[in-house]
Protein chains: 2
Amino acid sequence: MSAPTLRSLARELGLSRTTLSDALRGSPRVKAETVARVRAAAKAAGYERNPLTGAVMSQLRRSRGQQFRGVLAVVEIIAEGHSPLAVRYNDALMDGISARANALGFKVERFVVGPQGLSLGRLDTILHTRGIQGLILLPAVGFPDLSALSWSRYTAVYADYFIDHPPLHCVCCDHYRSMIALLQELHARGYRRPGLFIEISLDERLQYRWEGAFLALQKYLPGITQVPALQVQGLSREAFTAWFRQYDPDVVLGHFPEVMDWMKACGAKLPKTHAFVCLNSLRTAGDCAAVDFQVPQLGSRACELVVGQLLHNEFGVPSQPSLTTMLGRLIEGPTLRPRVAAKKKKAAAQPVAV
Amino acid sequence: MSAPTLRSLARELGLSRTTLSDALRGSPRVKAETVARVRAAAKAAGYERNPLTGAVMSQLRRSRGQQFRGVLAVVEIIAEGHSPLAVRYNDALMDGISARANALGFKVERFVVGPQGLSLGRLDTILHTRGIQGLILLPAVGFPDLSALSWSRYTAVYADYFIDHPPLHCVCCDHYRSMIALLQELHARGYRRPGLFIEISLDERLQYRWEGAFLALQKYLPGITQVPALQVQGLSREAFTAWFRQYDPDVVLGHFPEVMDWMKACGAKLPKTHAFVCLNSLRTAGDCAAVDFQVPQLGSRACELVVGQLLHNEFGVPSQPSLTTMLGRLIEGPTLRPRVAAKKKKAAAQPVAV
DNA sequence: CGAACAAATTCGGACCGTCCGGGATTTTCG
DNA sequence: CGAAAATCCCGGACGGTCCGAATTTGTTCG
């Protein structure tokens, strides 16, 4: 009489153990009234389901059927003509998502929301009828509002820095730390006048993580000649040339590979006298050093997060959203001096983690 | 055919599932020759035993009905006398960890590593014999090296920004975004000369996230009078007073509540003429506005991460470490003007997310 | 009003890996 | 040769989950 079990409690209530199990977990298969009745009885009898055992059983039961465990929806919110860069970014994300989802036994379907695609209400209906519960939201322009979806049915991750409507878990590259690591690496290679050339709107979206890290490290790395960052609203050759001539940064960090030509026009030899590192490898054609965000890995991590929550039956908006980030990598290129091997162990061919 | 189970493998070998189970665990009940044969076949078929499942089943069978709990190790690395602040931080983490672990069916045990505690080798042995596989590492001074543990046996999370030996997943507060949000909130409340007063060693450990965010936002928030940040190596009343008199910041952000008295001595009235926000609520006694890192929630998240990996049978060092962060919150206090209710919906009593 | 059909709700079966009692076979020994 | 002992292996039960099937309830239409 000391330890009430699922089965004994079920007998007492005149229900099957299955119904009890489903009711206690709040499965929609059981009538709401029954759920309430069962829970009250369980509480009265002092029954506590063992969550660890439950999780393990769930896995065991699932592993038999193998293969197909469900469908994940990848939701793309397209407000207006999206740039080719965004397309490349999203495709890279998709690669990582699909690969990981497949390995975990999930299939992926892509939905497009926006003027040319589905309305939110329509998406909600489709997901509901298809029984899709896991969502991965691809980065959208601006700050999208998805609060119209019935969130209590879904578990989701936003593949960007931040979403407030609703506040979901996010997965994104760590631009701040990537910049820190990049500057430290450049410093180790002997560069002392790093210059940041950035379009304001790009960094604003990232809450100034590029420039924040740049400003802080410019101040604290030893022996640095501070070059003021050049912010522009649009790409302007004149502005760049004037800035480059005035401050003569020995390594330019920026998003636009076009400036390499402008630097050369000013007499710079890459990588002999000056260097250039593109802040986003997706913008390059492999002809310069660049920061690689490892986007597929981000997608993979996002996928793991969603699947993890699905398996734990956690739905709805999280009580406290979190941001999961991963460090970018420096891809070597002909526009940057390789690291001088101070110790023998550092292999130049290896990509250096930044 | 991709997921061999104990039973399917047994059928194939013409043995019973029981014998298989015993053989794989090396029970003396099974003939040595059979053990070898079974193990070889299991390896060939790609059968993998999930240790957590084993533990659950074992307890289930042994002590029927009794609640089985898995065990997580919380590892504290204490190099020298740890500050009372670190103690408070770790205790808050533990609260969150314990609560979440409990809900997930785990219990927590604390291990202390260091000169006054266990050696790494000893810890490794203890964890092995106790069969503990999930580790949560509490923040350590400096950059600890734990590579001596047999990592292939464990899955772990480090509850701080960064660990490189080995590179593990980390969970930490998002100091950068917390500062951004704090400055935006202060700006919305009408403050225009925020001043940052910070000890270098504190921010250096955070890769200058406080100051990086401060520098960037000082530059981009409209109508700001830039007050240069005051960095100190130790707390000095003279340096602070000189800085405060010279630049007259209308809100001081810093770690040390002591400066409130110094500000008052300079003629400041809190919160009438000036304000103070402590950058770490654990340093305050509730007598001033402060940033709350929501440490228990961080612990909770760390716990979820470890348990998730345990359930998925993922051990060893991750191929690509990630950092999971959560936003701090602004706790209102008598040293800060409340937000002026522009719209009626903003309740002053509610803590504003920063 | 009732039949046909759809949706909602509940149930039964199969399953996971472990432990223990016990069965089957072989070995030891009187 | 027979009995006891040793060795090796098997079946049942455990608690909880999942899925398909069965049963009940509700709805539409002739």
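This text follows the structure it describes.
Residues numbered from 1 in each chain as written. Chains lettered and ligands numbered in written order. Predicted model: local features only at pLDDT ≥ 70, side-chain atom pairs only at ≥ 80, totals over all residues. Heavy atoms only, no water.

## Looking at the overall build of chain A
A tally of helices and strands in chain A yields twelve helices and 13 strands. The C-alpha atoms of chain A give 26 Å as radius of gyration, which overshoots the globular expectation for 354 residues (20 Å, by more than 25%). Projected onto its principal axes, the C-alpha coordinates of chain A cover approximately 90 × 50 × 35 Å. Contacts spanning at least 24 positions in sequence make up 67% of the contacts within chain A whose residues lie at least 6 apart. On chain A, roughly 16300 Å² of surface is accessible, and the fraction owed to carbon and sulfur atoms is 53%. Distance between charge centres in chain A, computed from 42 positive and 29 negative side chains, equals 10 Å. (Helix = DSSP H or I, 4+ residues; strand = E, 2+ residues; numbered from the N terminus. Rg over C-alpha atoms; globule rule 2.2 N^0.38 Å. Contact = heavy atoms within 4.5 Å. Areas by Shrake-Rupley, 256 points an atom, 1.4 Å probe, with all protein chains shown as cover. Lys, Arg positive; Asp, Glu negative; His and termini not counted. Charge placed at Lys NZ, Arg CZ, Asp CG, Glu CD.)

## Looking at the sheet that holds strand S5 (residues 169-173) of chain B
Here twelve strands make up an open sheet; going across it, the order is S2(A)-S1(A)-S3(A)-S4(A)-S5(A)-S11(A)-S11(B)-S5(B)-S4(B)-S3(B)-S1(B)-S2(B) and the pairing mixed. Two strands close off the open sheet at either side, each with one partner strand: strand S2 (106-113) of chain A together with strand S2 (106-113) of chain B. Across the sheet, the mean angle from the axis of one strand to that of its neighbour is 25 degrees, orientation sign disregarded. Taken together, the two bridges between strand S4 (residues 155-158) of chain A and strand S5 (residues 169-173) of chain A define a ladder with parallel strand orientation. Paired with Val157 of chain A across the strands is His169 of chain A, a residue of S5 of chain A. Its contacts with the sheet put helix H12 (residues 295-311) of chain A on strand S1 (70-77), S2, strand S3 (134-137), S4, S5 and strand S11 (323-326) of chain A together with S5 of chain B, and the angle it makes with S4 of chain A is roughly 160 degrees. (Pairing = 2+ DSSP bridges. Axes fitted to C-alpha atoms, helices over the stretch in contact; angles between N-to-C directions.)

## A word on the interface of chain A and chain B
Every contact between the two is made by 49 residues of chain A and, on the other side, 53 residues of chain B. Counting each side, the surface lost to burial between chain A and chain B is near 4300 Å², with a carbon and sulfur contribution of 56%. Of all residues in chain A, Leu52, Tyr220 and Gln320 of chain A give up the largest surface area on contact with chain B, accounting jointly for 15% of the area buried on that side. On the surface where chain A and chain B come into contact, there are three salt bridges. One salt bridge connects Lys219 of chain A with Glu211 of chain B, and the closest N-O pair in it is separated by 2.3 Å. Here chain A is connected to chain B by 19 residue pairs in polar contact (both at pLDDT 80 or more). Looking at the side of chain A that touches chain B, the elements that each hand over two or more residues are helix H4 (51-65), helix H7 (175-188), helix H9 (209-220), H12 and S11 of chain A. Considering each element in turn, the side of chain A that touches chain B owes the most residues, nine residues, to H4 of chain A. Here S11 of chain A pairs with strand S11 (residues 323-326) of chain B via three bridges, running antiparallel. Residue Leu323 of chain A lies in a different strand from S11 of chain B, and its bridge partner there is Thr325 of chain B. (Buried area = accessible area lost by both parts, 1.4 Å probe. Salt bridge = Lys/Arg side-chain N within 4 Å of Asp/Glu carboxyl O. Polar contact = N/O pair within 3.5 Å; in protein donor to acceptor, adjacent residues only side chain to side chain.)

## Description of the protein's contact with DNA strand D
Lining the immediate surroundings of DNA strand D are 30 residues, of which Ser21, Arg29 and Met57 of chain A together with Arg17 and Thr19 of chain B lie closest. Protein-proximal atoms of DNA strand D, defined as those within 4 Å of the protein, fall in sugar or phosphate at a share of 47%. Within the side chain of Thr34 of chain B, a nitrogen or oxygen atom sits 3.1 Å from a phosphate oxygen of DNA strand D. Secondary-structure elements contributing two or more residues to the surface near DNA strand D are helix H1 (6-13), helix H2 (17-24) and H4 of chain A together with helix H2 (17-24) and helix H4 (51-62) of chain B. Residue contributions to the surface near DNA strand D peak at six residues, all from H4 of chain A. Partitioned by chemical class, the residues of the surface near DNA strand D number seven nonpolar, twelve polar and eleven charged. (Near = heavy atom within 4 Å. Nonpolar A, V, L, I, M, F, W, Y, C, P; charged D, E, K, R; others polar.)

## Points about the packing of helix H5 (residues 84-103) of chain B against helix H12 (residues 295-311) of chain B
All names here are of chain B. One way to put it is that H5 packs onto H12 with a least axis distance of 7 Å and a crossing angle of 50 degrees. For the element pair H5 / H12, the angle class is oblique. In the crossing of H5 with H12, the sense of the turn from one axis to the other is right-handed. The residues of H12 that touch H5, namely those facing Tyr89, Ala92, Leu93, Gly96, Ile97, Arg100 and Ala101, are Val295, Pro296, Leu298, Gly299, Ser300, Cys303 and Glu304. Taken together, the residues that form the contact of H5 with H12 break down as nine nonpolar, three polar and two charged. (Parallel < 35°, antiparallel > 145°, perpendicular 65-115°, else oblique. Left-handed = near helix turned anticlockwise from the far one by under 90°.)

## Here we look at the pattern of salt bridges
All names here are of chain A. Per the stated rule, a full pass over the model turns up 29 salt bridges over all chains. Two residues, Asp160 and Arg205, come together in a salt bridge whose shortest N-O distance is 2.2 Å. Here the residue Asp160 occupies a position in the loop between S4 and S5, and Arg205 occupies one in helix H8 (residues 200-205), the gap between them amounting to 45 residues. Across the salt bridge formed by Glu185 and Arg339, the nearest N and O atoms sit 2.6 Å from each other. Residue Glu185 is found in helix H7, and its partner Arg339 is found in the loop between strand S12 (329-331) and strand S13 (352-353); the two are separated by 154 residues along the sequence.

## Points about the protein's contact with DNA strand C
Taken together, 29 residues lie near DNA strand C, and Arg7, Ser21, Arg25, Arg29 and Arg49 of chain B sit nearest. If you look at DNA strand C and keep only atoms within 4 Å of the protein, 55% of those are sugar or phosphate atoms. Thr18 of chain A places a polar side-chain atom, nitrogen or oxygen, 3.0 Å from a base nitrogen of DNA strand C. At a separation of 2.8 Å, a phosphate oxygen of DNA strand C approaches a polar side-chain atom of Thr19 of chain A. Among the secondary structure elements, those contributing two or more residues to the surface near DNA strand C are H2 and H4 of chain A together with helix H1 (6-13), H2 and H4 of chain B.

## Observations concerning the state of the cysteines
Applying the stated criterion across every chain yields a total of zero disulfides over all chains. The thiol sulfur of Cys266 of chain A is not disulfide-bonded, and the nearest other cysteine sulfur, from Cys288 of chain A, lies at 17 Å. Its sulfur unpaired, Cys173 of chain B is 6.3 Å from the next cysteine sulfur, which belongs to Cys172 of chain B. (Disulfide = S-S within 2.5 Å.)

## Remarks on unusual backbone geometry
The omega torsion of the bond from Leu270 of chain A to Pro271 of chain A falls at 0 degrees, within 30 degrees of zero and hence cis. The phi angle at Tyr208 of chain B is positive, at roughly 60 degrees, despite the residue not being glycine. Its identity is not glycine, yet Asp248 of chain B carries a phi of approximately 45 degrees, on the positive side. Structurally, the position occupied by Asp248 of chain B is in the loop between helix H10 (237-247) and strand S8 (251-254).

## Brief notes about the side chain of Asp250 of chain B
All names here are of chain B. The topology assignment puts Asp250 in the loop between H10 and S8. With no salt bridge to any partner, buried Asp250 finds its closest opposite charge in Arg193, at an N-O distance of 4.4 Å. Those residues in contact with Asp250 that lie beyond four places of it in its chain are Gly190, Tyr191, Arg192, Arg193, Pro194, Thr273, His274 and Ala275. (Buried < 20%, exposed > 50% of the residue type's maximum accessible area, 1.4 Å probe, protein only.)

## A short note on empty space enclosed by the protein
On inspection of all chains with the given rule, the structure shows five cavities of 30 Å³ or more. Here the largest cavity defines a volume of roughly 80 Å³. Considering the residues around the largest cavity, the lining is formed by Tyr161, Asp174, Tyr176, Arg209, Leu323 and Thr325 of chain A together with Tyr161, Asp174, Tyr176, Arg209, Leu323 and Thr325 of chain B. Going through the elements one at a time, S11 of chain A together with S11 of chain B are the ones with two or more residues in the lining of the largest cavity. In terms of residue class, the lining of the largest cavity is built from six nonpolar, two polar and four charged. (1 Å grid on protein atoms, 1.4 Å probe; cavity = no way out; pocket = protein on both sides within 12 Å on 5 of 7 lines; lining within 4 Å. Points joined across faces, edges and corners; volume = space filled by probe spheres on them.)

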